[in-house]
Amino acid sequence: MIKPFKAGITGTGSMLPDKKLTNFQLESIVETSDEWIVKRTGIRERRIIDDSMPLAELAAGASNRAIADAGIAADDIDLIIATTITPDYLSPSLACQVQKLIGAGKAAAFDMNAACTGFIYALQISRQFIENGTYKNILIVSAEALSRIVDFTDRRTCVLFGDGAGAVVLGRVDDGTGISSAILGACGEDGSVLTIPCFYATEEDLALRNEGKKQVIWMDGSEVFTFASKIMSESTKNVLDDSGISINDIKYIFPHQANMRILQNAAKRLDVPMDKVYTNLEYTGNISSASVPVCLDEAAKKGLLKKGDKLILVAFGGGLTYGAALLTWSK
Ligand code: ACO
């Protein structure tokens, strides 16, 4: 099928809460140590949203920055997709809240949940609308307040997660740039290894949690670790094969930031040096779907990305879900 337009990122933005929670501070909350957390995860600190701040405000901050970076007005946005597993409300959606806060009155808006893979899913969905000419400018905003669903008595999870928001504007870009290939996938059969109940939960699932707490994350860390290491390298290889290019043509890989050992393991399987793998988890922890767009914005603002650079974006997460995209930088 002939696609009239190419879709690519025309603007990036991010916003992290000011408050830091260091490993040393966690030592006084649960039985853990800075040494254990750094050695097993690579994380030193994470950002925590204030109790009084709605996630929508953080998401709107990142969105405004992405829109300014794209050189357009909020009124030019045709569609807003917000990806989150921690919305302030199920209704109105985070996307509708953002629409109101940024004044994007002409945009359609909805939320999407593919856990940590949310941004890649949103990218692939949005890409269709740009390529077929339905929309000109789409705002994807990935925002998470994971500190609100972490059990701070469970040391197996509370040391891993943080809060933050990343946004991109997807629009029409020059030929030879933009998204050229993307894959999405899910393994629903293995979904029980990472759960966050909402209105219903099985007795078995609740029994796994400290004091049977309901709306908190529970995770079988080693199962997720094994899945993640394998699927990150496989997904990357699949998009490369799809596009007929080699890993040597890639400037940077932007992976979901869950654990430094997962990233090292995936890099080893792909036979790429770690300096091609962009990381920021040392200072952010795992911010779920926000992690890839926050990394992209950081790298762009540092001047690391030049027009024509080939990038892999790759993520995995609850569901279980996974996805990867090959993107040629357009700015
Ligand atoms: N501090 C100190 N000790 C700890 C801590 C802690 N914070 N957490 C666990 N331990 C202990 C365990 O109790 C265990 O002790 P034991 O041997 O006496 O039982 C020991 O450390 C080893 O535990 P493991 O679970 O085997 O540790 P591992 O090296 O596997 O690391 C971790 C655990 C960091 C959770 C790892 O498995 C991991 O990163 N998994 C992937 C998580 C992930 O990526 N999730 C992302 C998806 S998130 C999303 O989509 C929302």
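Shown above is the structure to which this text applies.
Cut-off values and rules
- Within each chain, residues carry numbers counting from 1 in the order of the written sequence.
- For a predicted model such as this one, the threshold for reporting local features is a pLDDT of at least 70, and the threshold for listing and counting side-chain atom pairs is 80 or more; totals across whole chains, interfaces and linings nevertheless cover every residue.
- Only hydrogens and water are removed before side-chain values are computed, so all heavy atoms of the structure are retained for them.
- Stacked, edge-to-face and tilted labels apply to pairs of Phe, Tyr and Trp rings (six-membered ring for Trp) whose centres lie within 6.5 Å, assigned for plane angles under 30 degrees, over 60, and everything in between, in that order.
- Comment: the charge-over-ring label is applied if NZ (Lys) or CZ (Arg) is within 6 Å of the ring centre and within 35 degrees of the ring normal.
- Whether two strands pair depends on DSSP finding at least two bridges between them.
- Helix and strand assignments come from DSSP, with helices taken as H or I runs of at least 4 residues and strands as E runs of at least 2, each series counted from the N terminus.
- If you view a crossover with the strands going away from you and the path from the first strand over the helix to the second runs clockwise, you call it right-handed.
- A fitted line through C-alpha atoms serves as each axis, taken over the contacting stretch for helices, and the angle formed by two N-to-C directions is quoted from 0 to 180°.
- Contacts: residue pairs with any heavy atoms within 4.5 Å of one another.

The subject of this paragraph is the packing of aromatic side chains. Enumeration according to the criterion identifies four aromatic pairs in this entry. Every member of this aromatic cluster is reached through a ring pair, and the members are Tyr252, Phe254 and Tyr278. Taking NZ or CZ as reference, Arg172 lies 3.6 Å from the ring centre of Phe5, over its face.

Across five bridges, strand β4 (residues 79–83) lies against strand β5 (residues 108–112) in parallel orientation. Each residue of the ladder has a partner; that of Ile80, found in β5, is Ala109. With helix α4 (residues 94–102) bridging β4 and its parallel neighbour β5, the resulting β-α-β unit is right-handed.

With that out of the way, let us pick up the sheet that holds strand β12 (residues 310–317). Adjacent strands of a sheet form backbone hydrogen bonds with each other and so pair up, either parallel or antiparallel. Spatial ordering of the open sheet is given by β8-β13-β12-β11, a layout of four strands whose pairing is mixed. Every interior strand has two partners, whereas the edge strands, β8 (178–186) and β11 (252–255), have only one. Sheet twist, expressed as the average angle between the axes of neighbouring strands with direction ignored, equals 15 degrees. Here β12 pairs with strand β13 (residues 321–328) via eight bridges, running antiparallel. The partner of Val314 across the bridge, within β13, is Ala324. In the packing of helix α5 (residues 118–131) onto the sheet, the strands contacted are β8, β12 and β13, and the crossing angle to β8 comes to about 130 degrees. The strands touched by helix α8 (residues 221–243) within the sheet are β8, β11, β12 and β13, with β12 carrying the most contacts at an inclination of about 145 degrees.

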